[in-house]
Amino acid sequence: MRKLTIGVVDVLGRSASRALWARAMRANLAGIMPQVVAVWCEELGHDVSMAYYNGPECMAGGLPERPDVVFISAFTHSALVATALSNQLRSRGVVTVLGGPHARSYPVDAQQYFDYVVGRTDKDVIRDVLQDASPHRPIGVRIGAEQQPRSLPGVQARWKFIELILGQAPFVKIVPMIGSLGCPYTCDFCVDSVVPYQPLEFETLKADLRFLTQQFARPRVGWHDPNFGVRFNDYLDAIEEAVPPGRIDFVAESTLSLLSEANVRRLARNGFRAILPGIESWYAHGNKSKTGKTVGAAKVEQVADHVNLILEHVPYLQANFVL
């Protein structure tokens with residue numbers, strides 16, 4: 001394989017926002033997989049540059065002057081920005097690759113605008129793309145792995161790409177981590193519901209937490225797991241082994257079914273400052289909210305009691321609904 005000049009772009013927004021929240025927090029929305037792809041490309045022997053785009057603005061980093069291949073990751077709400085960027089790059093002879101939620105949700109449409117559209121991605125998929133690295137037009141190649149990767153580069157391996165974007169976070173700096181892939185639930189609205197649940201390596205997790213305590217006086221970590229704590233005791237045991245209680249502040253998305261009072265107390269003791277449980281609907285998804293077949297007003301009352309219990313121990317809670 002010849003050595004390539006590669007750019008990786010994480011599209012964080014469809015437009016540059018002057019709102020205070022966006023200026024303060026958007027840099028903390030950086031994804032893990034663009035950083036992982038950048039690490040894999042380097043491990044395969046290529047020169048890699050990372051860029052984070054805030055609509056038409058570059059928040060951090062930048063693309064090489066003459067890239068051979070550019071990987072772009074985008075949600076659907078920022079897909080027009082990603083498509084425009086791809087069009088500009090392809091007009092200069094650059095091969096473009098789309099990954100991320102939009103590629104998984106609308107691959108057939110995306111094939112019109114990118115040379116490659118990748119779904120589930122592992123290092124072998126990246127190797128296959130780079131071994132070919134040729135234009136595919138007018139319809140791009142759709143490619144993906146049969147399953148999620150068994151392991152991912154941790155925080156230490158991704159650190160230079162993380163540090164790049166954290167420099168653009170003026171106040172709150174949240175380090176992205178992930179402890180598991182897939183989901184044990186079967187919600188019909190979610191792309192993760194068809195991906196078998198699997199924990200990632202606990203030793204990597206513990207080493208990354210120790211590493212972060214050397215970088216910050218009090219690190220903040222945002223868990224990107226679809227549902228953090230499915231193997232609750234295993235994850236909390238790992239956190240408690242790696243760092244003293246309360247040494248790191250955590251934010252996690254979880255489910256009410258996992259958040260018993262005993263578990264919530266343990267989370268609070270270990271520095272979990274924000275919890276994002278998925279309630280989803282007052283008439284469905286009772287397994288996630290631990291309400292069974294209870295619906296309507298009765299479910300509202302049961303969930304409200306549970307939320308108030310959590311707020312006795314954790315200072316911030318964001319309840320997620322499907323509208």
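### Side note on empty space enclosed by the protein
With a probe scaled to a water molecule rolled over the atoms, the places where space remains empty come into view.
And then number 1: Summed over the entire model, instances satisfying the criterion amount to 3 cavities of 30 Å³ or more.
And then number 2: Taken as a whole, the largest cavity encloses approximately 150 Å³ of empty space.
And then number 3: In this structure, the largest cavity is lined by 15 residues; those nearest its centre are Leu152, Ile178, Leu200, Thr204 and Asp208.
And then number 4: Of all the elements in the fold, those that place two or more residues in the lining of the largest cavity are helix H7 (155-166) and helix H8 (202-215).
And then number 5: In terms of residues, the lining of the largest cavity owes the most to one element, H8, which gives 3 residues.
And then number 6: Considered class by class, the residues forming the lining of the largest cavity number 8 nonpolar, 4 polar and 3 charged.
And then number 7: Within this model, the second largest cavity holds a volume of roughly 50 Å³.
And then number 8: Taken together, Phe228, Gly229, Phe232, Ala252, Ser254, Leu259, Leu267, Phe272 and Ile275 form the lining of the second largest cavity.
And then number 9: For the lining of the second largest cavity, the elements supplying multiple residues, two or more each, are strand E12 (249-254) and strand E13 (272-280).

### Structural notes on the pattern of salt bridges
And then number 1: Throughout the structure, instances matching the rule amount to 15 salt bridges.
And then number 2: The partner of Arg218 in a salt bridge is Asp249, and the shortest N-O contact between them spans 3.1 Å. Taken together, the residues Arg218 in the loop between H8 and strand E11 (220-223) and Asp249 in strand E12 connect sequence positions 31 residues apart.
And then number 3: For Asp249, the salt bridge identified is with Arg273, shortest N-O distance 3.5 Å.

### Structural notes on the environment of Val94
And then number 1: Turning to its location among the elements, Val94 is positioned in the loop between helix H3 (79-90) and strand E5 (95-99).
And then number 2: Take Val94: its relative accessible area is 3%, and that puts it in the buried class.
And then number 3: It is 22 Å that separates the C-alpha atoms of Val94 and Phe161, two residues lying 67 residues apart in sequence.
And then number 4: If we ignore the near neighbours within four places in the chain, the residues touching Val94 are Pro67, Asp68, Val69, Val70, Leu89, Asp115 and Arg137.

Thresholds applied
Residues numbered from 1 in each chain as written. Predicted model: local features only at pLDDT ≥ 70, side-chain atom pairs only at ≥ 80, totals over all residues. Heavy atoms only, no water. 1 Å grid on protein atoms, 1.4 Å probe; cavity = no way out; pocket = protein on both sides within 12 Å on 5 of 7 lines; lining within 4 Å. Points joined across faces, edges and corners; volume = space filled by probe spheres on them. Helix = DSSP H or I, 4+ residues; strand = E, 2+ residues; numbered from the N terminus. Nonpolar A, V, L, I, M, F, W, Y, C, P; charged D, E, K, R; others polar. Salt bridge = Lys/Arg side-chain N within 4 Å of Asp/Glu carboxyl O. Buried < 20%, exposed > 50% of the residue type's maximum accessible area, 1.4 Å probe, protein only. Contact = heavy atoms within 4.5 Å.

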